[in-house]
Amino acid sequence: MRYFFLAFATITLSPLHAETIYTIPQGYTKLAIAAASSDIEPTITGISVTLLNDLEFASSATINSDYNAAPSSGTQTLAITGQNWSQDQWTGQPHLAYITDANGAEEAFLISSHTSSGQLTLLTTFDLLGDKDSETPGLQNRFPSATTVKIRGANTIGSIFSSKIGEFSPDDRVFVWDGSEWLSFQKNGFGNWALASNLFGNENGTVIFPDEGMFILRSATSAIELTLFGEVPAVPQISTITKTKLLSTRIPVETTLAGLALNDDLWKSDDRLYIWNGSSWDAYLVNGFGNWAPASNQFGNSNTLPIAANTAIFVNRETEVSGAEGIVAAPLPYDPLSE
């Protein structure tokens with residue numbers, strides 16, 4: 001069972017508006033990791049972290065036209081106004097820059113470096129100024145060059161599970177999808193999270209991005225309850241899906257299959273999403289009527305199928321799209337508290 005509690009905290013966001021007071025909804029969620037059915041029957045639970053870490057900096061920004069592609073992840077820089085950073089402030093511990101698009105939605109990118117003169121370098125697999133719809137004539141930038149940026153601490157595998165590390169057994173696993181294969185993490189003999197292929201390593205600092213889900217394989221016959229705190233998203237949260245992804249729901253409340261906003265103009269008849277039902281995958285597609293339907297019953301309508309808060313959904317595009325085109329931004333199913 002998953003719970004959600006909402007409270008409100010009034011704070012001043014000095015870097016963005018020195019004298020503006022905002023009331024920001026704060027909350028916590030409780031995520032249950034199911035117990036193994038027996039000593040030889042582990043269970044799998046899909047989870048995601050949907051609350052945001054505290055806002056540490058906010059300002060206007062200009063995205064520079066300097067995307068530098070690389071085999072694994074490229075880079076792009078932002079020019080920031082009003083910065084007052086110290087050395088390694090955003091890189092000593094991993095931090096994310098949330099960039100706002102023309103519709104007011106935001107997407108998070110890992111900060112790889114920054115300068116004292118106000119330049120942020122972000123890791124990105126696509127040009128942030130690229131065309132978000134190649135089928136429509138004319139350039140429609142994924143992000144406007146003049147935008148805003150918010151900086152928050154990144155969640156890591158260590159920070160998410162640190163409070164309960166003692167309850168995990170050496171046979172438990174955390175699975176993260178890297179776009180092509182599952183990465184398997186487990187607690188090693190030193191009390192750290194390590195890749196199953198290198199138990200002498202320390203992967204506590206591995207970043208779990210806001211749009212990433214995780215699968216937990218539980219081998220012990222007792223459940224684990226995680227309590228996660230943070231800020232409730234006040235604007236739609238963008239995910240990029242170009243091929244395959246284990247997707248976070250991005251919101252701390254229940255939604256529906258249609259509410260995930262995956263059925264867009266680029267979604268094809270052979271594309272699928274998969275929902276873990278506790279023992280196997282349930283597959284869904286968009287049928288000829290434009291509705292979500294079970295893959296086993298293409299005449300059905302599963303648009304209102306409940307999707308639990310803080311869960312994970314496996315998405316597969318049969319035909320890969322560009323990073324600039326792979327945008328998914330589900331509308332919020334609640335009214336955030338405005339200024």
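Look up a bit, the structure's there.
Residues numbered from 1 in each chain as written. Predicted model: local features only at pLDDT ≥ 70, side-chain atom pairs only at ≥ 80, totals over all residues. Heavy atoms only, no water.

Draft legend 1. Expanded view of the sheet that holds strand E10 (residues 173-177). Taking strand neighbours across the sheet as the criterion, the 5 strands line up as E3-E13-E10-E11-E12 in an open arrangement whose pairing is antiparallel. Both outer strands of the open sheet, strand E3 (43-48) and strand E12 (193-195), are each paired with one neighbouring strand and no more. Going across the sheet, the axis of each strand differs from the next one's by a mean of 30°, ignoring polarity. Direction of pairing for strand E11 (residues 182-187) relative to E12: antiparallel, over a ladder of 3 bridges. Note on E12: the bridge partner recorded for Phe185 is Leu195. (Pairing = 2+ DSSP bridges. Helix = DSSP H or I, 4+ residues; strand = E, 2+ residues; numbered from the N terminus. Axes fitted to C-alpha atoms, helices over the stretch in contact; angles between N-to-C directions.)

Draft legend 2. Up close: unusual backbone geometry. Positive phi is not limited to glycine here, since Asp88 has a value of about 60°. Mapped onto the elements, Asp88 comes out in the loop between strand E5 (74-80) and strand E6 (95-100). By relative accessible area, Asp88 is classed as partly exposed at 45%. Even without being glycine, Arg250 reaches a positive phi, approximately 70°. With respect to the helices, strands and loops of the structure, Arg250 is situated in the loop between strand E16 (244-248) and strand E17 (255-256). Judged by its relative accessible area of 7%, Arg250 falls in the buried class. (Buried < 20%, exposed > 50% of the residue type's maximum accessible area, 1.4 Å probe, protein only.)

Draft legend 3. Highlighting the side chain of Glu212. If you trace the backbone, Glu212 turns up in the loop between E12 and strand E13 (213-218). Within the local environment of Glu212, its side chain forms a polar contact with the backbone nitrogen of Phe209, the two atoms lying 2.8 Å apart. The residues touching Glu212, leaving out its near neighbours within four places in the chain, are Ser48, Val176, Trp177, Val207, Leu246 and Ser248. (Polar contact = N/O pair within 3.5 Å; in protein donor to acceptor, adjacent residues only side chain to side chain. Contact = heavy atoms within 4.5 Å.)

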